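Listed here are the chains, written in short residue letters.
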Amino acid sequence: MADAADFQGTSASPARRWLRRTGALLAGAPLLAGLLQLPAAAPADAAGQEAPQAAAGAGSVSVAVDSLTPTAPTEGDTVNVSGTVTNNGKQAVTGAHVDLRVGPSLDTRSSIDALAKKSDDVQGPSGEAVGGKYSEKFSKLTPGVAEPFNISVPADELDLGPDGVYQLAVALSGETSAQPWDQVLGVQRTFLPWQPEEAGTKTKTTFMWPLTSTVHMTAETGSNEQQTPVFRNDDLAEEIAPGGRLDQMVSLGKGLDISWVIDPDLLASVDAMTRNYQVRGEDGTTTAGRNQAVAKQWLAELQQAVTGKEVVALPFGDPDLASLAHNGTNVTGSLSHLKDATDVVDDTVETILHVKPSTDFAWPADGAVDPSIVKVATSAGADKVIARSDSLQDNLAYTPSAARPVGGGTTAVVADARMSTAFQGNLTKASASTRAVQRFLAQSLTLGLQSGKQRSVVVAPQRMPSVSQAQAMAEALATLQSGNWSESQDLADAAKAKPDPAANTKVPSTSAYPASLRNQELLRAGFEQIARTQGKLDSFKVILTDQSRVVTPFGRAMNREMSTSWRGRGVEAVGYRDGVESYLDGLTDGVKLIEKSDTKLSGRSATIPVTVQNNLVQGVEHLKLRLTSKNPTRLKISGDAFEEQRVTVNGGHAQSVKFPTSANANGRAEVVAQLYTEDGQKYGAPVTFDVKVTEVTATVMLVIGGGVLLLVLAGFRMYTQRKRAAAREADEDGTAEADDDPDSPQGPAGAPQNPEAPGDRLKQETGAGPRAEGPEQPSDPAPDTAAENADPSGTGERVDR
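Procedures and definitions
Residues numbered from 1 in each chain as written. Predicted model: local features only at pLDDT ≥ 70, side-chain atom pairs only at ≥ 80, totals over all residues. Heavy atoms only, no water. Helix = DSSP H or I, 4+ residues; strand = E, 2+ residues; numbered from the N terminus. Polar contact = N/O pair within 3.5 Å; in protein donor to acceptor, adjacent residues only side chain to side chain. Pairing = 2+ DSSP bridges. Expected span 1.5 Å × (residues − 1). Buried < 20%, exposed > 50% of the residue type's maximum accessible area, 1.4 Å probe, protein only. Arc of directions from axis to C-beta. Contact = heavy atoms within 4.5 Å. Core = buried A, V, L, I, M, F, W, Y, C linked by side-chain atoms within 4.5 Å. Axes fitted to C-alpha atoms, helices over the stretch in contact; angles between N-to-C directions. Patch = residues over 30% accessible without salt bridge, like charges linked within 9 Å, V, L, I, M, F, W, Y side chains within 5 Å. Areas by Shrake-Rupley, 256 points an atom, 1.4 Å probe, with all protein chains shown as cover. Salt bridge = Lys/Arg side-chain N within 4 Å of Asp/Glu carboxyl O. Parallel < 35°, antiparallel > 145°, perpendicular 65-115°, else oblique. Left-handed = near helix turned anticlockwise from the far one by under 90°. Nonpolar A, V, L, I, M, F, W, Y, C, P; charged D, E, K, R; others polar. Phe/Tyr/Trp six-rings, centres within 6.5 Å; stacked < 30°, edge-to-face > 60°.

In this section: the environment of Q183. Examined against the element boundaries, Q183 turns out to sit in strand β8 (residues 183–194). As a C-alpha pair, Q183 and S173 span 10 residues in sequence and 5.2 Å in three-dimensional space. Here Q179 takes part through its backbone oxygen, which lies 3.3 Å from a polar atom of the side chain of Q183.

Shown next, in the form of structure tokens:
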């Protein structure tokens, strides 16, 4: 992209400096002309007479600029530059000295990019050395040893010209034993923004300050009333602890004019940590979380930091809009998850932070857009899409304002790509952080000097800056907000700014979407798994007496399954989705039919019990239990092939449901028990068992009845026969005694003197006492029924007759 160099008028002081430089150049012109007229040296001589940058030892010393203050100096400031020089060669460097060199101003944003790519190239131009006392000398640089330097120079001595961005090079010169002449052996170039006075028209800058994280909470909750949440790990506690990444984001952002961009899932997760929570370990076991105090402190600081500031809330879980647009729209129900994630934003953010968030913005990954992404991004109610200028490009010589209409009532808020990507990469080293800060400020100032018109610029950095990146962002932003060429603006105001009529409003085609970003997307299989989990949840929730205990945690977990934070972490994303689905399967299996063994049915009718077990904490209802006979000609259920009965089971209990049956023939009949929801959907696995019918016929009953009657009659006959025989025997005994012993004494009533007690004789006759010897009695009649089978009964369950 070409950039114009249409600068504003200079102040009096820069003008004088410009005149001095012009005069110096004019005075040196004759000398320069004479040098140009000298004959060229022979090639052999040229090798020894080249400029120091071309020496064989060039680049053997690395220069690191760890600090440059102030980052944007003005009149009267003193510029302090500090860092280290390290001899990476094999020979010692003698006569070494570090100088500051000011190069020409960089008129375009592309020239800043070009210089940044060759910032340590000793072959390139380094500018004129300030020299004099503003130099630091080293008698010797030992190989492998880093030596610190610190140079301070008044800004006026740098002889800077008009407002703009200047190249500031820190160069190490010296000589080695192999090349014993003074030469530049190492250099580090950076940028020096120079705007000593207030700009007539300041650029309005919006800096998005993202508070997002990876997924931490699972779908699992405790069985207690509070539903204690379970976290995947305790990493979030490290991020919000003092010195942690999110702690630094809040602490640094507290004093800046920024637009807070927050994922409600992060707030919900930290809020859950303020109470009892569980943490799952690597071995699968859970332990009690112990960071409630840390969570409360972080939330309190965040509440204070956002008071009176703009808060933009992303949909819950920060869903990956590009993945959804490219791979999820053809999967039923995927877009409904995006709407659910948007609907819960207000309650979550306002309840926790006590501020009303803006939900009008959608932010695709890296601001890359195509028509399908814009369509999905606005499907849940957002009418503003945060894009980036390397996606929605402009073929202009200047940078237009961020806002532009892209059709359908949608506004694309195009963030500046150069400024948005300035703080990426490893900034843990002070030198890398300093380069990032100076480059960001240089881009900002050059953008503002392109024209005399005021523009609105948006900066959308990476979603999860590291601690070092956040610190560099804060340093640059503090300079920008206290500088002379920029003023802060909310994101909502930037979206309302008057669009530049020359700016591009055509969204790039789907084929233009970067392949590197597409390779990180959630695949269609992932959305299909989410849809499968949702289907299981829909079938499960209808039987619950308190659906919210299940619907809410699983709904939020499925929002997290679509999170942008899974980009580049595909294996972890699959593991998380599997865990959610597996946990739901376990809950669903908590309501099931108890297995039954084969059952015996003796007789024409009986009842068969089927047991429903509820291992959940809450009760279940809206269930029907259907018992079906696969052979209704042999066995009927309530006079038909099947019967359904409603089922209600309290939590932690079992309920037996009894079905009346009737048998028509002997043999086995297969029976299937199946639970159904009220809408007719099968619930859980069926239970199949056999019923063995052993029907008793009328003929058999008649034979048994006749045999019983014969036994009764035979017993009565035996009794009467024995009674008559006993009477005859008594009469015969009395007559015989009277005839044989006529002189035996007789009582007054004629009774024998020692008669046998009547009761004793009755005992003998009935068999209750010692049996009297006497004539043998007729035997019992033989039974007329078949002998009872003494074999053990078959296995089976008892049924109620």
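Here the narrative resumes.
The subject of this paragraph is the sheet that holds strand β19 (residues 410–415). The 4 strands lie next to each other as β16-β17-β19-β18, forming an open sheet whose pairing is mixed. Each edge of the sheet is formed by a strand with only one pairing partner; in this case those strands are β16 (361–362) and β18 (403–407). With 2 bridges joining them, β16 and strand β17 (residues 384–388) adopt parallel strand pairing. Directly across from F361, in β17, lies its bridge partner K384.

Quick look at helix α19 (residues 570–588) now. Here α19 contains 19 residues, and its C-alpha end-to-end distance of 27 Å stays within 8% of the 27 Å for a straight helix at 1.5 Å per residue. Taken as a whole, α19 has its buried residues at A573, Y576, R577, V580, E581, L584, L587 and T588. Buried residues of α19, seen end-on, are gathered within an arc of 125 degrees and therefore sit on one face of the element. Those residues of α19 that are buried lie in contact with β10 (217–221), α17 (524–541), α18 (548–560), β22 (591–593) and β30 (682–694).

What follows deals with unusual backbone geometry. That bond from T69 to P70 is cis: its omega, -10 degrees, falls within 30 degrees of zero. Relative to the helices and strands, P70 resides in the loop between β1 (61–69) and β2 (78–87). Positive phi outside glycine occurs at D318, with the angle close to 50 degrees. Structurally, D318 is set in the loop between β15 (310–313) and α8 (321–328).

Among the nonpolar cores identified, the biggest contains 72 residues, and F540 and L625 are the most heavily contacted of them. Ignoring any residue separated from it by four or fewer positions in sequence, one finds F540 in contact with V550, L584, L587, T588, L616 and Y683.

Spatial strand order, β10-β11-β13-β14: 4 strands in an open sheet with mixed pairing. Two strands close off the open sheet at either side, each with one partner strand: β10 and β14 (286–288). Sheet twist, expressed as the average angle between the axes of neighbouring strands with direction ignored, equals 35 degrees. Together, β10 and β11 (229–231) form the strand contacts of helix α6 (residues 264–273), whose direction differs from that of β11 by roughly 110 degrees.

Turning next to helix α9 (residues 334–343). Along α9, the residues that are buried comprise S334, H337, L338, A341 and T342. On an axial view of α9, the arc spanned by its buried residues comes to 140 degrees, and they lie on one face. For α9, the secondary structure elements touched by its buried residues are α8, α10 (345–353), α11 (371–377), α17 and α18.

Take the pairing of strand β12 (residues 259–262) next. On any regular strand, side chains alternate: one points to one face of the sheet, the next to the other face. Alternating residues of β12 divide into S259 and V261 and W260 and I262, and every residue in both groups is buried. Judged from the 4 bridges that link them, strand β9 (residues 203–211) and β12 form a sheet pairing that is parallel. The residue bridging W209 from the neighbouring strand is W260, located in β12. Relative to β15, β12 runs parallel, the two being bridged by 4 bridges. Its bridge partner being in β15, S259 is matched across the sheet by E310.

Taken together, the side chains of L709, L710 and L713 present a nonpolar region at the surface, about 290 Å² in accessible area. The residue L709 is located in helix α20 (residues 698–740) in this model.

The full count for this structure, using the stated rule, is 28 salt bridges. Of the charged contacts in the structure, one is a salt bridge between R668 and D598, with a shortest N-O distance of 3.7 Å. Linking R668 in strand β29 (residues 667–677) with D598 in the loop between β22 and β23 (599–602), this pair joins segments that are 70 residues apart in sequence. Beyond isolated ion pairs, a larger network of salt bridges with shared partners links R532, K536, E581 and D585.

This paragraph deals with the packing of α18 against α19. As a packed pair, α18 and α19 sit with axes 10 Å apart at the nearest point and diverge in direction by 160 degrees. Between α18 and α19, the angle falls in the class roughly antiparallel. Relative to α19, the crossing made by α18 is left-handed. Residue-level contacts link F554, A557 and R560 of α18 to Y576, V580, Y583, L584 and L587 of α19. Among the residues making up the contact of α18 with α19, the classes are represented as 7 nonpolar, no polar and 1 charged.

Across all of its chains, the model carries 6 aromatic pairs by this definition. Summarising the aromatic geometry, the rings of F554 and Y583 are spaced 5.7 Å apart at their centres and angled 20 degrees between planes, so their arrangement reads as stacked. Taken together, the residues span a long stretch of sequence, with F554 in helix α18 and Y583 in helix α19 at a distance of 29 residues. Accessibility expressed as a relative area gives 1% for F554, which makes it buried.

So yeah, pure geometry; function would need other evidence.
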